Amino acid sequence: MLDRESTFAHPAIAELLKTEFVPVAIDQANQRRQKDTEGVFYRKIAAQSPRNDFEQTTQGFYVADANGRLFFYNNNRDPEKLLRLMRKSLSDFDSNSSAQAAPLTAESVDSRFQQQPPEGGLVLRVHTKVLDGYPPTDDPWRKIFQQAIGRDNLWISDQEHEQLRQGRLAESLLQRIARFHLVDNTRGEPPMWKQDEIRQLECELVDGRLRGKVQLQTADGQRGYEAQLLGELWVRDGSVVRFDLVCLGEFWGQGRFTGGAPEGRFPLAVTFTLADGSDMADAVPPQGARGWLAGYCQQCAQ
Amino acid sequence: MRSLSGLVLTMLLAINCLQADELTQERFDQLLQEVQPAKDAMWRTIPWNISLLDAQRQAVEQRKPIFIWAMDGNPLGCT
């Protein structure tokens, strides 16, 4: 979140990435564990950095050549420092050596981490925003968090897609929305909801109009979300052409990696809309499926 | 007195509880528009790959170094 609005909002960095580098964005929790060609290549690069314990996070910025030779590792968000390191790496880079590297092909694929959307299913973009409740601040980093919009994707199975075509909302889909997507991911990786934390979940779909309410709460009551749901489902010639859903309500609490939430209850909105593949993030697997696609999709079979 | 204490209680609750609006059709339309990342945000103009192998192959072809943005959670997604 912070990187998007600071490091990669720097015009010189963005320009260099567009013209002089091949940029790639990854969830390193996958690559550092993957037992396949991509994982081996990532660990070859990361092993040359201080982040060479693959039992721990290896997050940060790396610049390497196609042979896997590391030029620098940096985990500091100061754009000017990163810019200096990028420019230095360009002067050290040998384009001939890189051109002689063999293009890697996926000789092995670790299916635990190489997740693809369900065939015949749908992908919805999920966006989240805290609408109010933060105290005023002059701190630019806090401001970024306070104005942040979280992004995730919802995967819908082929069976659920078929039900939507028939104007019905599968219970499995509703449960997945509640457990994995009605979360506050605006300040980092959020905790998802456990099955027994769904206290109430009602939703009806009548003539393409979806309306419902949800109550989610941890056993200790420290985190929760009480909200209304409103949606529109349009099916034309047997195809889902619109599936917009908005969840609006009061959230409270925070998770281990989402500290700094407003005090008490605060309004949180979560919106869903069909992904058409035109956004670079449309292909990113859902956060709730991270290393656990079967669990995320488990609801599909119920 | 009873109504006064009720008023005070209501005010105290209001301080600790920022209520969400009623989810009307108008609010629904507004939120669909409002809760979206800016299309012209600088980081979105960068042609990010999401596969390191694709990036490696491009690096060979284009004779460029690879810039890896590695986070906990996909940086184009939830973090």
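For the rest of this paragraph, the subject is the overall build of chain A. Counting its regular elements, chain A contains ten helices and ten strands. Here the C-alpha radius of gyration of chain A, 21 Å, is about what a compact globule of 302 residues would show, namely 19 Å. A principal-axis box enclosing the C-alpha atoms of chain A has dimensions of 65 × 50 × 35 Å. Relative to its 302 residues, chain A shows a buried fraction of 55%. Sequence separation of 24 or more characterises 61% of the internal contacts of chain A that already satisfy a separation of 6 or more. As displayed, chain A offers around 13300 Å² of accessible surface, 45% of which is attributable to carbon and sulfur atoms. Side-chain charges of chain A comprise 36 positive and 42 negative groups, with the mean position of each set lying 3 Å from the other.

The terminal C-alpha atoms of helix α5 (residues 79-92) of chain A, which comprises 14 residues, lie 20 Å apart, in line with the 20 Å expected from a rise of 1.5 Å per residue. Buried residues along α5 of chain A sit in contact with α2 (11-19), β2 (60-64) and β3 (70-74) of chain A together with β1 (66-71) of chain B. Of the residues flanking the start of α5 of chain A, the one acting as N-cap is D78 of chain A, its side-chain oxygen 3.0 Å from the backbone nitrogen of E80 of chain A.

Residues and elements named next belong to chain A. Across the five residues of β2, five count as buried, placing the element largely inside the fold. Side chains of β2 alternate between two faces, with G60, Y62 and A64 and F61 and V63 buried alike. Relative to β3, β2 runs antiparallel, the two sharing four bridges. Looking across to β3, one finds that V63 is bridged to F72.

Regular strands place side chains that alternate from one sheet face to the opposite one. Residues and elements named next belong to chain A. Pairing of strand β6 (residues 198-206) with strand β7 (residues 209-217) involves eight bridges; the strand directions are antiparallel. Residue C203 lies in a different strand from β7, and its bridge partner there is G212. Between the antiparallel neighbours β6 and β7 lie two residues, among them D207 with a positive phi of about 50°.

Before going further, it helps to examine the interface of chain B and chain A. Taken together, the 54 residues of chain B in the interface contact 91 residues of chain A. Overall, the association of chain B and chain A removes approximately 6700 Å² of surface from exposure, summing both partners, and the carbon and sulfur fraction of that is 65%. Where chain B meets chain A, there are two salt bridges. The partner of R44 of chain B in a salt bridge is D279 of chain A, with the nearest N and O atoms 2.8 Å apart. Our count for the contact surface shared by chain B and chain A stands at 30 residue pairs in polar contact (both at pLDDT 80 or more). Residue composition of the side of chain B that touches chain A, grouped by class: 30 nonpolar, 15 polar and nine charged.

Moving on, we come to the sheet that holds β1 of chain B. Strands sit in the order β1(A)-β1(B)-β2(A)-β3(A) across an open sheet of four strands; the sheet is mixed. A single partner strand is all that each edge strand has here, and the edge strands are β1 (22-27) and β3 of chain A. This sheet shows a mean twist of 15° between the axes of neighbouring strands, independent of strand direction. As defined by bridge partners, β2 of chain A adjoins β1 of chain B across five bridges and the pair is classed as antiparallel. Along β1 of chain B, the bridge assignment pairs A64 of chain A with I66 of chain B.

Take unusual backbone geometry next. Positive phi, close to 50°, is recorded for D237 of chain A, a residue that is not glycine. For D237 of chain A, a relative accessible area of 85% corresponds to the exposed category.

So, on to the packing of helix α4 (residues 37-46) of chain A against helix α3 (residues 52-62) of chain B. Direction vectors running N to C along α4 of chain A and α3 of chain B enclose 70°, while the axes themselves pass 9 Å from each other. Considering their axes alone, α4 of chain A and α3 of chain B lie roughly perpendicular with respect to each other. Of the residues in α3 of chain B, those in contact with T37, E38, F41 and Y42 of chain A of α4 of chain A are L52, L53 and Q56 of chain B. In the contact of α4 of chain A with α3 of chain B, the residues fall into four nonpolar, two polar and one charged.

So, about the nonpolar core. Core analysis: the largest hydrophobic core is formed by 42 residues, its most contacted members being L154, L164, L173, L182, Y225, F243 and F272 of chain A. Where this core is concerned, the elements lending two or more residues are β4 (122-130), β5 (149-156), α9 (171-181), β6, β7, β8 (224-236), β9 (239-252) and β10 (265-274) of chain A. When near neighbours in sequence (up to four residues on either side) are disregarded, F272 of chain A contacts L124, R125, V126, L154, I177, H181, L182, F243, D244 and L245 of chain A together with L32 of chain B. Membership of the second largest hydrophobic core comes to 25 residues, among which are A14, F21, F71 and M86 of chain A.

Let us look at the pattern of salt bridges. Opposite charge on two side chains allows them to pair when their charged atoms are near. This structure, assessed with the given rule, holds 19 salt bridges over all chains. Between R77 of chain A and D3 of chain A there is a salt bridge; the shortest N-O distance is 2.6 Å. With R77 of chain A in the loop between β3 and α5 and D3 of chain A in helix α1 (residues 2-5), this residue pair connects regions lying 74 residues apart in the sequence. Residue classification places D3 of chain A among the buried positions, given a relative accessible area of 2%. Counted as one network, the salt bridges with shared partners bring together R125, R151, D276, D279 and D282 of chain A together with R44 of chain B.

Let us look at the sheet that holds β6 of chain A. Spatially, the seven strands line up as an open sheet ordered β5-β4-β10-β9-β8-β7-β6 (chain A), and their pairing is antiparallel. Only two strands of the sheet have a single neighbouring strand rather than two, namely β5 and β6 of chain A. Mean inter-strand twist for the sheet, computed between neighbouring axes without regard to direction, equals 15°. The pairing of β4 of chain A with β5 of chain A spans eight bridges and is antiparallel. Pairing of L124 of chain A across the sheet is with L154 of chain A, part of β5 of chain A. Packed onto the sheet, helix α8 (residues 158-165) of chain A meets β4, β5, β8 and β9 of chain A and runs at close to 90° relative to β5 of chain A. Sheet contacts for helix α2 (residues 25-34) of chain B: β5, β7, β8, β9 and β10 of chain A; angle to β9 of chain A, the most-contacted strand, approximately 95°.

Rules used throughout
Residues numbered from 1 in each chain as written. Chains lettered and ligands numbered in written order. Predicted model: local features only at pLDDT ≥ 70, side-chain atom pairs only at ≥ 80, totals over all residues. Heavy atoms only, no water. Helix = DSSP H or I, 4+ residues; strand = E, 2+ residues; numbered from the N terminus. Rg over C-alpha atoms; globule rule 2.2 N^0.38 Å. Buried < 20%, exposed > 50% of the residue type's maximum accessible area, 1.4 Å probe, protein only. Contact = heavy atoms within 4.5 Å. Areas by Shrake-Rupley, 256 points an atom, 1.4 Å probe, with all protein chains shown as cover. Lys, Arg positive; Asp, Glu negative; His and termini not counted. Charge placed at Lys NZ, Arg CZ, Asp CG, Glu CD. Expected span 1.5 Å × (residues − 1). Polar contact = N/O pair within 3.5 Å; in protein donor to acceptor, adjacent residues only side chain to side chain. Pairing = 2+ DSSP bridges. Buried area = accessible area lost by both parts, 1.4 Å probe. Salt bridge = Lys/Arg side-chain N within 4 Å of Asp/Glu carboxyl O. Nonpolar A, V, L, I, M, F, W, Y, C, P; charged D, E, K, R; others polar. Axes fitted to C-alpha atoms, helices over the stretch in contact; angles between N-to-C directions. Parallel < 35°, antiparallel > 145°, perpendicular 65-115°, else oblique. Core = buried A, V, L, I, M, F, W, Y, C linked by side-chain atoms within 4.5 Å.

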